[in-house]
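Chain by chain, the residues run as shown.
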Amino acid sequence: MRQKIVAGNWKMNTTVSQGIELINSIAAKIEEVPQDVKLIVNTPFTHLFPISKIIGDIKCPFCRSKIALGAQNCADKEVGAYTGEVSAKMLSSVASAVGTVAGAPEGAIGAPVEYVILGHSERRGYYGETNAILLEKINLALAEGLKVIYCVGEALEERKAEKHFEVVGNEIKEVLYQLTPEQMKNVIVAYEPIWAIGTGETATKEQAQEIHAFIRKTLEEKFGSLAEETSILYGGSCKPSNAKELFSQKDIDGGLIGGAALKAEDFIAIAKSY
Ligand code: 13P
């Protein structure tokens, strides 16, 4: 059985206090999330530490197990003079630091930063992240024990020119095909057509299913039966009103949610769409 996932990508939204308010609202409703659905919140770097503590403090183990923390990027270098960068090791060190804060109870530990989004079209497009750079980042993230949410997707012109299979296929072959099966076990793929991100326009369930099936087949050609276990998420204007029909498709294992992840009611409603 593939893991069903509803992941929020907060992007560059919310101040730290707004982020704390948002995670508290999500935590307050987490009991409503079906048992077999995992929520992942991918927050800005500045928010990871307090949110790690808040998630770590969720008392009911059943509720705690339904939510995980992630980041939205990491550096393509391990350590050193790279001003402004945040390394995979820094991400994996967040949880254990929670217990070192003054006044923290003995043995206190936060929720680990378990996931990192890599290859988002906004990183590829605005910050020039190539497949080669992304492969470096993925290798470093996996080496630190993080799980990677690797994004692929085509632009509108590429879809119109019917090049979407080629574009997405290359994003998989140039990056994921370079991983070992052992590494690939810790990768989730997110298909996010660029024309559907933040535009209100969603891929139809047929369009989404078609390319998700293509992604799974492409993974199968390299990784065999592991492809059946790989979660493939849909992202792009996914909201409570369309989540159900998207998630009912055979090869869609959940969503990577932008705008609708910034409202606890919407995020939880999407998670309840299964
Ligand atoms: P929207 O849900 O706002 O379209 O964003 C999707 C996305 O880019 C998630 O990573």
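Just above sits the structure.
Below is a short write-up of the structure. This is a predicted model, so every value here is computed, not measured. (Residues numbered from 1 in each chain as written. Predicted model: local features only at pLDDT ≥ 70, side-chain atom pairs only at ≥ 80, totals over all residues. Heavy atoms only, no water.)

### Quick word on the layout of surface pockets
The method is simple in principle: a probe with the dimensions of a water molecule rolls over the atoms, and the space it marks as empty is what remains.
Then step 1. Of the volumes computed, that of the largest pocket is approximately 470 Å³.
Then step 2. The wall of the largest pocket is formed by 15 residues, among which Lys11, Met12, Gln72, Arg123 and Tyr127 lie closest to the centre.
Then step 3. Of all the elements in the fold, those that place two or more residues in the lining of the largest pocket are helix H2 (45–56) and helix H6 (121–127).
Then step 4. The greatest single-element share of the lining of the largest pocket, amounting to four residues, is contributed by H6.
Then step 5. Considering only residue class, the lining of the largest pocket consists of six nonpolar, six polar and three charged. (1 Å grid on protein atoms, 1.4 Å probe; cavity = no way out; pocket = protein on both sides within 12 Å on 5 of 7 lines; lining within 4 Å. Points joined across faces, edges and corners; volume = space filled by probe spheres on them. Helix = DSSP H or I, 4+ residues; strand = E, 2+ residues; numbered from the N terminus. Nonpolar A, V, L, I, M, F, W, Y, C, P; charged D, E, K, R; others polar.)

### Let's talk about the pairing of strand S3 (residues 67–71)
Then step 1. Burial analysis of S3 places five of its five residues in the buried class, the great majority of the element.
Then step 2. The alternating pattern of S3 places Ile67, Leu69 and Ala71 on one face and Ala68 and Gly70 on the opposite face, and all of these are buried. (Buried < 20%, exposed > 50% of the residue type's maximum accessible area, 1.4 Å probe, protein only.)

### Digging into the packing of aromatic side chains
Aromatic ring pairs are reported here in terms of the distance separating the ring centres and the angle at which the planes meet.
Then step 1. Using the criterion set out here, one finds five aromatic pairs in the structure.
Then step 2. For the ring pair Tyr191 and Tyr234, a centre distance of 6.4 Å and an interplane angle of 50° mean the geometry is tilted. With Tyr191 in strand S6 (residues 187–191) and Tyr234 in strand S7 (residues 232–234), the pair connects residues that are 43 residues apart, well separated along the chain. For the pair shown, Tyr191 and Tyr234 are each scored as buried.
Then step 3. Ring geometry for Phe247 and Tyr274: centres 4.8 Å apart, planes at 20°, overall stacked. With Phe247 in helix H13 (residues 240–247) and Tyr274 in the segment after helix H14 (264–271), the pair connects residues that are 27 residues apart, well separated along the chain.
Then step 4. Assessed through its relative accessible area of 6%, Phe247 is described here as buried.
Then step 5. The class for Tyr274 is partly exposed, based on a relative accessible area of 25%. (Phe/Tyr/Trp six-rings, centres within 6.5 Å; stacked < 30°, edge-to-face > 60°.)

### So, the site of the ligand
Then step 1. In the vicinity of the ligand, the contacting residues are Asn9, Lys11, His120, Glu192, Ala196, Ile197, Gly198, Gly236, Ser237, Leu256, Gly258 and Gly259.
Then step 2. In this structure, Lys11 approaches the ligand through a side-chain N or O atom, which is 2.8 Å from an oxygen atom.
Then step 3. A distance of 2.9 Å separates an oxygen atom of the ligand from a polar atom in the side chain of Glu192.
Then step 4. Isolated, the ligand exposes 310 Å² of accessible area, and the fraction of that covered by the protein chains is 95%.
Then step 5. Here the residues of the shell around the ligand sort into three nonpolar, seven polar and two charged. (Near = heavy atom within 4 Å. Polar contact = N/O pair within 3.5 Å; in protein donor to acceptor, adjacent residues only side chain to side chain. Areas by Shrake-Rupley, 256 points an atom, 1.4 Å probe, with all protein chains shown as cover.)

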